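Secondary and tertiary structure notes
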Amino acid sequence: MQGKIIKGIGGFYYVFCEDGTEYECKAKGIFRNKKIKPLVGDNVNIEILDRTKNLGNIIEILPRFNSLIRPAVANVDQTIIIFSGAYPEPNFNLLDRFLVNMEMAGVETVICFNKTDLNEFEIYRDKCQSYEKSGYKIMYISAKNGDGLDELHSLIKNKTTVFAGPSGVGKSSTLNTIKPEAEVKTGELSEKIQRGKHTTRHSELIHIEDETYIMDTPGFSSLYIEGIEEGELKEYFPDIAEYTGACRFNMCNHISEPDCRVKEAVEDGRVSRIRYDNYVALYNELKEKRKW
Ligand SMILES: Nc1nc2c(ncn2[C@@H]2O[C@H](COP(=O)(O)OP(=O)(O)O)[C@@H](O)[C@H]2O)c(=O)[nH]1
Ligand SMILES: [Mg+2]
Ligand SMILES: [Zn+2]
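Everything numeric in this text was worked out from a predicted model, so none of it was measured.

A few points about the packing of aromatic side chains
For any pair of aromatic rings, the description rests on two quantities: the centre-to-centre distance and the angle between the ring planes. Summed over all chains, the structure comprises eight aromatic pairs. Here the aromatic cluster, defined as three or more aromatic residues joined through ring pairs, consists of F92, F113, F121, Y131 and Y140. One Lys or Arg, K4, reaches over the ring of Y213 and ends 5.4 Å from the middle of that ring. The positively charged end of K26 is found above the aromatic ring belonging to F12, 4.9 Å away from the centroid.

With respect to the coordination of the zinc ion (ligand 3)
Distances from the zinc ion (ligand 3) to its protein donors, namely C247 (SG), C252 (SG), H254 (ND1) and C260 (SG), fall within the range 2.1 to 2.4 Å. The sequence pattern describing where the donors of the zinc ion (ligand 3) fall on their chain is C-x4-C-x1-H-x5-C. Judged by its relative accessible area of 2%, C252 falls in the buried class.

A few points about the confidence of the model for the protein chain
Residues with a pLDDT of 70 or more make up 92% of the protein chain, whose mean pLDDT is 91. Confidence drops under pLDDT 50 across residues 189–200; counting only partners more than four residues distant or on other chains, this segment forms 21 contacts.

Side note on the pattern of salt bridges
The tally for this structure, following the rule as stated, stands at twelve salt bridges. Taking the shortest distance from any N to any O, the salt bridge between R125 and E122 comes out at 2.7 Å. Linking R125 with E122, this pair stays in helix α3 (residues 121–130), spanning three residues, or about one helical turn. Taking relative accessible area as the criterion, R125 reaches 29% and is therefore assigned partly exposed. Notably, a salt bridge pairs R261 with E264, separated by 3.1 Å at the nearest N-O pair. Taken together, the residues span about one helical turn, with R261 and E264 both in helix α7 (residues 261–267) at a distance of three residues. Since its relative accessible area comes to 36%, E264 is described here as partly exposed.

Describing the environment of D77
Examined against the element boundaries, D77 turns out to sit in the loop between β7 (73–74) and β8 (78–84). Note on D77: relative accessible area 33%, which makes it partly exposed. A sequence separation of 79 residues divides D77 from I156, and the C-alpha atoms of the two residues are 9.2 Å apart. Setting aside anything within four residues of it in sequence, one finds D77 in contact with F65, E108, K159 and T160.

Points about the pairing of strand β9 (residues 109–114)
Judged by how many residues are buried, β9 sits mostly within the fold: six of six residues are covered. Burial of β9 is two-sided: the residues T109, I111 and F113 facing one way and the residues V110, C112 and N114 facing the other way are all buried. Where β8 lies against β9, six bridges are found, and the strand directions are parallel. Of the residues in β9, the one forming a bridge with I81 is I111. Handedness of the crossover joining β8 and β9 through helix α2 (residues 92–105): right-handed.

A word on the side chain of K234
Note on placement: K234 falls in the loop between β13 (212–216) and α6 (238–241). For the buried residue K234, which engages in no salt bridge, the nearest side chain bearing the opposite charge is E235, 5.6 Å off. In contact with K234, not counting residues within four places along its chain, are I240, A241, M251, C252, N253, H254 and Y279.

Here we look at helix α5 (residues 171–178)
Most of α5 sits out of view: six of its eight residues are buried. When α5 is considered as a whole, its buried residues turn out to be K171, S172, T174, L175, N176 and I178.

Quick look at the nonpolar core
Within the largest apolar cluster, 42 residues are counted, with the highest numbers of intra-cluster contacts made by V15, I46, I58, I81, L95, I111 and F113. Here the element with the most residues in this core is α2; it accounts for six residues. Among residues more than four places away in sequence, those in contact with I111 are I81, L95, L99, Y131, Y136, K137, I138 and M139. Residues V100, I225, V262 and Y276 belong to the second largest nonpolar core, which totals 21 residues.

What to know about the state of the cysteines
Inspection of the entire model under this criterion finds zero disulfides. Take C112: it sits in no disulfide, and the sulfur closest to it among the cysteines is that of C128, at 11 Å.

Observations concerning α3
Residues of α3 that are buried include every one of F121, Y124, C128 and S130, and no others. Residues of α3 that are buried make contact with α2, β9, β10 (137–140) and α8 (273–291).

Some words on unusual backbone geometry
In this structure, P71 follows R70 across a cis peptide bond, with omega equal to -5°. Topologically, P71 is positioned in the loop between β6 (67–68) and β7. Positive phi, close to 60°, is recorded for N75, a residue that is not glycine. Here N75 lies in the loop between β7 and β8.

About the cut-offs
Residues numbered from 1 in each chain as written. Chains lettered and ligands numbered in written order. Predicted model: local features only at pLDDT ≥ 70, side-chain atom pairs only at ≥ 80, totals over all residues. Heavy atoms only, no water. Phe/Tyr/Trp six-rings, centres within 6.5 Å; stacked < 30°, edge-to-face > 60°. Lys NZ or Arg CZ within 6 Å of the ring centre and 35° of its normal. Donors = N, O, S within 2.8 Å, 3.2 Å for Na, K, Ca; no water. Buried < 20%, exposed > 50% of the residue type's maximum accessible area, 1.4 Å probe, protein only. pLDDT = per-residue confidence, 0-100. Contact = heavy atoms within 4.5 Å. Salt bridge = Lys/Arg side-chain N within 4 Å of Asp/Glu carboxyl O. Helix = DSSP H or I, 4+ residues; strand = E, 2+ residues; numbered from the N terminus. Pairing = 2+ DSSP bridges. Right-handed = clockwise from strand over helix to strand, strands pointing away. Lys, Arg positive; Asp, Glu negative; His and termini not counted. Core = buried A, V, L, I, M, F, W, Y, C linked by side-chain atoms within 4.5 Å. Disulfide = S-S within 2.5 Å.

Next up, the structure:
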(Lines give C-alpha, C1' and ligand atoms only; values in the text may rest on other atoms or scores of the structure.)
(Ligands and ions follow the chains in the order given, each with its own letter.)
Protein backbone atom coordinates (compact mmCIF):
# COMPACT_ATOMS: atom_id res chain seq x y z
CA MET A 1 0.00 0.00 0.00
CA GLN A 2 1.23 3.50 -0.83
CA GLY A 3 1.45 6.37 1.62
CA LYS A 4 3.45 9.36 2.79
CA ILE A 5 5.69 9.62 5.84
CA ILE A 6 4.23 12.39 7.95
CA LYS A 7 6.33 12.03 11.08
CA GLY A 8 9.40 10.19 12.31
CA ILE A 9 10.11 9.62 15.99
CA GLY A 10 12.69 7.32 17.55
CA GLY A 11 13.08 4.93 14.64
CA PHE A 12 9.35 4.79 13.89
CA TYR A 13 7.82 6.32 10.82
CA TYR A 14 4.19 7.29 10.71
CA VAL A 15 2.81 6.73 7.25
CA PHE A 16 -0.48 8.21 6.13
CA CYS A 17 -1.89 5.80 3.55
CA GLU A 18 -4.33 5.89 0.69
CA ASP A 19 -6.89 4.11 2.88
CA GLY A 20 -6.93 7.15 5.20
CA THR A 21 -5.16 5.26 7.99
CA GLU A 22 -1.93 6.17 9.71
CA TYR A 23 0.41 3.20 10.12
CA GLU A 24 3.31 3.01 12.54
CA CYS A 25 6.16 1.61 10.52
CA LYS A 26 9.72 0.48 10.86
CA ALA A 27 12.14 0.65 7.98
CA LYS A 28 13.82 -2.72 8.66
CA GLY A 29 17.43 -3.00 7.53
CA ILE A 30 17.22 -2.47 3.79
CA PHE A 31 17.64 1.30 3.90
CA ARG A 32 20.71 1.13 6.08
CA ASN A 33 22.46 -0.90 3.39
CA LYS A 34 21.42 1.46 0.63
CA LYS A 35 22.32 4.45 2.83
CA ILE A 36 18.95 6.07 2.30
CA LYS A 37 17.30 7.38 5.40
CA PRO A 38 13.56 7.75 5.08
CA LEU A 39 12.49 11.38 5.36
CA VAL A 40 9.27 12.99 6.36
CA GLY A 41 7.54 13.73 3.07
CA ASP A 42 8.77 10.58 1.38
CA ASN A 43 6.22 8.65 -0.61
CA VAL A 44 6.62 5.01 0.33
CA ASN A 45 5.23 1.56 -0.18
CA ILE A 46 4.48 -0.34 2.98
CA GLU A 47 3.50 -3.85 3.84
CA ILE A 48 0.87 -4.06 6.52
CA LEU A 49 1.85 -6.21 9.49
CA ASP A 50 -1.15 -5.70 11.74
CA ARG A 51 -4.43 -4.20 10.59
CA THR A 52 -5.91 -3.71 14.03
CA LYS A 53 -2.85 -2.08 15.60
CA ASN A 54 -2.05 -0.23 12.35
CA LEU A 55 1.51 -1.51 12.17
CA GLY A 56 3.52 -1.81 9.00
CA ASN A 57 6.92 -1.95 7.44
CA ILE A 58 8.34 0.41 4.82
CA ILE A 59 9.51 -1.67 1.88
CA GLU A 60 10.23 0.99 -0.73
CA ILE A 61 10.96 4.72 -0.87
CA LEU A 62 9.66 6.23 -4.10
CA PRO A 63 11.92 8.73 -5.90
CA ARG A 64 12.16 12.19 -4.30
CA PHE A 65 12.00 15.32 -6.42
CA ASN A 66 13.70 17.45 -3.77
CA SER A 67 14.55 17.57 -0.09
CA LEU A 68 15.37 20.18 2.51
CA ILE A 69 17.83 19.81 5.37
CA ARG A 70 16.26 22.25 7.82
CA PRO A 71 13.55 21.17 8.29
CA ALA A 72 14.34 17.65 7.09
CA VAL A 73 11.56 17.00 4.61
CA ALA A 74 11.26 15.59 1.10
CA ASN A 75 9.03 16.39 -1.88
CA VAL A 76 8.28 19.99 -0.96
CA ASP A 77 6.14 21.79 -3.54
CA GLN A 78 6.53 25.19 -1.94
CA THR A 79 7.58 27.06 1.13
CA ILE A 80 5.40 29.79 2.51
CA ILE A 81 7.61 32.12 4.45
CA ILE A 82 5.52 33.92 6.99
CA PHE A 83 6.65 37.18 8.52
CA SER A 84 4.72 39.52 10.70
CA GLY A 85 3.95 42.84 9.06
CA ALA A 86 3.61 44.39 12.50
CA TYR A 87 5.16 42.92 15.66
CA PRO A 88 7.50 41.17 15.94
CA GLU A 89 8.67 43.70 13.36
CA PRO A 90 9.67 42.21 10.01
CA ASN A 91 13.39 41.50 9.78
CA PHE A 92 14.02 41.85 6.05
CA ASN A 93 17.63 40.76 6.30
CA LEU A 94 16.43 37.46 7.74
CA LEU A 95 13.78 37.26 5.01
CA ASP A 96 16.40 37.65 2.29
CA ARG A 97 18.66 35.06 3.92
CA PHE A 98 15.74 32.69 3.90
CA LEU A 99 14.95 33.42 0.26
CA VAL A 100 18.56 32.75 -0.74
CA ASN A 101 18.47 29.43 1.08
CA MET A 102 15.30 28.43 -0.75
CA GLU A 103 16.76 29.50 -4.12
CA MET A 104 19.77 27.31 -3.35
CA ALA A 105 17.49 24.40 -2.49
CA GLY A 106 15.43 25.02 -5.61
CA VAL A 107 12.15 25.28 -3.73
CA GLU A 108 9.48 27.72 -4.79
CA THR A 109 8.73 30.35 -2.16
CA VAL A 110 5.76 32.57 -1.40
CA ILE A 111 6.14 35.48 1.02
CA CYS A 112 3.27 35.99 3.39
CA PHE A 113 2.97 39.02 5.66
CA ASN A 114 0.63 38.26 8.54
CA LYS A 115 -0.93 40.43 11.25
CA THR A 116 -2.06 43.06 8.77
CA ASP A 117 -4.95 43.76 11.16
CA LEU A 118 -2.59 45.53 13.55
CA ASN A 119 -2.11 49.29 13.31
CA GLU A 120 1.67 48.80 13.33
CA PHE A 121 1.37 47.29 9.84
CA GLU A 122 1.11 50.87 8.54
CA ILE A 123 4.71 51.44 9.66
CA TYR A 124 6.01 48.54 7.59
CA ARG A 125 3.54 48.39 4.71
CA ASP A 126 5.75 50.22 2.20
CA LYS A 127 8.76 48.09 3.01
CA CYS A 128 6.72 44.90 2.69
CA GLN A 129 5.30 46.11 -0.61
CA SER A 130 8.75 46.87 -2.00
CA TYR A 131 9.20 43.07 -2.17
CA GLU A 132 6.51 42.91 -4.84
CA LYS A 133 9.24 44.00 -7.26
CA SER A 134 11.34 40.96 -6.39
CA GLY A 135 9.22 38.59 -8.45
CA TYR A 136 8.13 36.49 -5.50
CA LYS A 137 4.46 36.05 -4.89
CA ILE A 138 3.48 38.23 -1.92
CA MET A 139 0.41 37.77 0.23
CA TYR A 140 -0.99 39.93 2.99
CA ILE A 141 -3.03 38.07 5.55
CA SER A 142 -4.45 38.23 9.01
CA ALA A 143 -4.91 34.94 10.82
CA LYS A 144 -6.92 36.96 13.29
CA ASN A 145 -9.56 38.63 11.12
CA GLY A 146 -9.35 36.30 8.13
CA ASP A 147 -8.04 38.73 5.50
CA GLY A 148 -6.32 36.98 2.60
CA LEU A 149 -6.95 33.50 3.95
CA ASP A 150 -9.13 32.34 1.04
CA GLU A 151 -6.28 33.00 -1.37
CA LEU A 152 -3.87 31.24 0.96
CA HIS A 153 -6.15 28.23 1.24
CA SER A 154 -6.42 27.86 -2.52
CA LEU A 155 -2.65 28.22 -2.84
CA ILE A 156 -1.95 25.18 -0.67
CA LYS A 157 -4.49 22.88 -2.29
CA ASN A 158 -3.05 19.49 -3.28
CA LYS A 159 0.48 20.57 -2.45
CA THR A 160 3.03 19.87 0.23
CA THR A 161 3.85 23.19 1.83
CA VAL A 162 6.34 24.13 4.52
CA PHE A 163 5.40 27.02 6.77
CA ALA A 164 8.58 28.76 7.79
CA GLY A 165 9.47 32.02 9.48
CA PRO A 166 10.55 33.50 12.79
CA SER A 167 8.66 32.53 15.90
CA GLY A 168 5.73 34.63 16.99
CA VAL A 169 4.71 35.64 13.47
CA GLY A 170 1.58 33.49 13.40
CA LYS A 171 2.56 30.30 11.56
CA SER A 172 0.65 28.02 13.88
CA SER A 173 -2.29 30.43 14.07
CA THR A 174 -2.49 30.44 10.28
CA LEU A 175 -2.35 26.65 10.18
CA ASN A 176 -5.21 26.53 12.66
CA THR A 177 -7.35 28.60 10.27
CA ILE A 178 -6.74 25.91 7.64
CA LYS A 179 -7.31 22.92 9.90
CA PRO A 180 -8.85 23.83 13.24
CA GLU A 181 -8.92 20.14 14.28
CA ALA A 182 -5.13 20.11 14.23
CA GLU A 183 -5.25 22.45 17.23
CA VAL A 184 -1.66 23.44 16.76
CA LYS A 185 -0.41 25.19 19.85
CA THR A 186 0.13 28.90 19.47
CA GLY A 187 2.30 31.02 21.70
CA GLU A 188 1.19 34.10 23.50
CA LEU A 189 3.53 36.95 22.82
CA SER A 190 5.41 38.02 25.86
CA GLU A 191 4.56 41.64 26.56
CA LYS A 192 8.11 42.38 27.50
CA ILE A 193 10.20 40.94 24.71
CA GLN A 194 7.48 40.45 22.11
CA ARG A 195 8.88 37.22 20.86
CA GLY A 196 6.85 34.10 20.46
CA LYS A 197 7.56 31.06 22.56
CA HIS A 198 8.83 27.95 20.84
CA THR A 199 5.77 25.80 20.80
CA THR A 200 6.33 23.71 17.68
CA ARG A 201 8.81 20.96 18.48
CA HIS A 202 9.32 18.19 15.96
CA SER A 203 8.87 18.29 12.22
CA GLU A 204 5.58 16.80 11.19
CA LEU A 205 3.44 16.95 8.09
CA ILE A 206 -0.18 17.60 8.81
CA HIS A 207 -2.62 16.04 6.41
CA ILE A 208 -5.20 18.66 5.51
CA GLU A 209 -7.25 16.88 2.84
CA ASP A 210 -6.66 14.85 -0.33
CA GLU A 211 -3.06 15.51 -1.38
CA THR A 212 -2.70 18.62 0.78
CA TYR A 213 -0.04 18.55 3.49
CA ILE A 214 1.47 21.29 5.61
CA MET A 215 4.54 21.29 7.77
CA ASP A 216 4.56 23.76 10.60
CA THR A 217 8.11 24.49 11.72
CA PRO A 218 9.55 26.04 14.85
CA GLY A 219 10.69 29.58 14.29
CA PHE A 220 14.25 30.56 13.50
CA SER A 221 15.90 33.78 14.58
CA SER A 222 19.09 33.60 12.54
CA LEU A 223 20.17 31.92 9.33
CA TYR A 224 23.50 31.39 7.67
CA ILE A 225 24.25 31.10 4.02
CA GLU A 226 26.73 28.32 3.44
CA GLY A 227 28.30 26.58 0.51
CA ILE A 228 28.63 29.50 -1.89
CA GLU A 229 31.18 32.25 -2.48
CA GLU A 230 30.27 35.91 -2.62
CA GLY A 231 30.53 35.97 -6.42
CA GLU A 232 27.76 33.39 -6.69
CA LEU A 233 25.31 35.20 -4.43
CA LYS A 234 23.82 37.27 -7.26
CA GLU A 235 22.47 34.11 -8.89
CA TYR A 236 20.22 33.54 -5.89
CA PHE A 237 18.54 36.94 -6.04
CA PRO A 238 16.24 36.44 -9.06
CA ASP A 239 15.56 40.18 -9.38
CA ILE A 240 19.33 40.84 -9.53
CA ALA A 241 20.17 37.77 -11.62
CA GLU A 242 17.91 39.23 -14.29
CA TYR A 243 20.69 41.75 -15.06
CA THR A 244 23.40 39.13 -15.57
CA GLY A 245 25.55 40.17 -18.51
CA ALA A 246 23.89 43.59 -18.83
CA CYS A 247 26.50 45.64 -16.93
CA ARG A 248 29.71 47.05 -18.38
CA PHE A 249 31.70 44.22 -16.81
CA ASN A 250 30.48 40.81 -17.67
CA MET A 251 31.46 39.52 -14.23
CA CYS A 252 29.94 42.52 -12.44
CA ASN A 253 28.97 41.77 -8.85
CA HIS A 254 26.94 44.98 -8.70
CA ILE A 255 28.87 46.30 -5.70
CA SER A 256 31.21 49.14 -6.71
CA GLU A 257 31.78 48.49 -10.40
CA PRO A 258 31.11 51.35 -12.82
CA ASP A 259 28.21 51.28 -15.30
CA CYS A 260 26.20 48.81 -13.29
CA ARG A 261 22.63 48.15 -14.46
CA VAL A 262 21.61 46.79 -11.07
CA LYS A 263 22.64 49.95 -9.25
CA GLU A 264 20.74 51.96 -11.86
CA ALA A 265 17.68 49.79 -11.26
CA VAL A 266 17.95 50.42 -7.54
CA GLU A 267 18.25 54.17 -8.14
CA ASP A 268 15.13 54.36 -10.28
CA GLY A 269 13.18 51.97 -8.08
CA ARG A 270 12.93 48.88 -10.25
CA VAL A 271 14.88 46.82 -7.71
CA SER A 272 14.00 47.08 -4.01
CA ARG A 273 16.63 49.07 -2.16
CA ILE A 274 16.09 47.02 0.99
CA ARG A 275 16.80 43.85 -0.93
CA TYR A 276 19.82 45.35 -2.67
CA ASP A 277 21.27 46.55 0.65
CA ASN A 278 20.79 43.07 2.07
CA TYR A 279 22.49 41.65 -1.01
CA VAL A 280 25.52 43.89 -0.41
CA ALA A 281 25.60 43.00 3.29
CA LEU A 282 25.45 39.27 2.55
CA TYR A 283 28.04 39.66 -0.20
CA ASN A 284 30.44 41.27 2.28
CA GLU A 285 29.66 38.66 4.90
CA LEU A 286 30.50 35.82 2.49
CA LYS A 287 33.66 37.61 1.42
CA GLU A 288 34.80 38.06 5.03
CA LYS A 289 34.05 34.43 5.80
CA ARG A 290 36.28 33.25 2.97
CA LYS A 291 39.25 35.09 4.46
CA TRP A 292 39.15 33.07 7.69
N1 LIG B 1 -3.14 40.58 15.85
C2 LIG B 1 -2.80 39.40 15.37
N3 LIG B 1 -2.18 38.50 16.15
C4 LIG B 1 -1.85 37.29 15.62
C5 LIG B 1 -2.12 36.98 14.27
N6 LIG B 1 -1.65 35.73 14.03
C7 LIG B 1 -1.12 35.29 15.18
N8 LIG B 1 -1.23 36.22 16.16
C9 LIG B 1 -0.74 36.11 17.54
O10 LIG B 1 0.68 36.04 17.53
C11 LIG B 1 1.15 35.16 18.55
C12 LIG B 1 2.06 34.09 17.99
O13 LIG B 1 1.29 33.24 17.12
P14 LIG B 1 1.76 31.78 16.72
O15 LIG B 1 0.76 31.27 15.76
O16 LIG B 1 2.05 30.95 17.92
O17 LIG B 1 3.14 32.09 15.99
P18 LIG B 1 4.25 31.08 15.49
O19 LIG B 1 5.33 31.11 16.52
O20 LIG B 1 4.75 31.68 14.21
O21 LIG B 1 3.64 29.74 15.30
C22 LIG B 1 -0.10 34.61 19.24
O23 LIG B 1 -0.34 35.40 20.38
C24 LIG B 1 -1.19 34.82 18.20
O25 LIG B 1 -2.46 34.97 18.79
C26 LIG B 1 -2.79 37.97 13.46
O27 LIG B 1 -3.06 37.81 12.26
N28 LIG B 1 -3.09 39.17 14.06
MG1 LIG C 1 4.25 27.86 16.04
ZN1 LIG D 1 26.37 45.31 -12.18
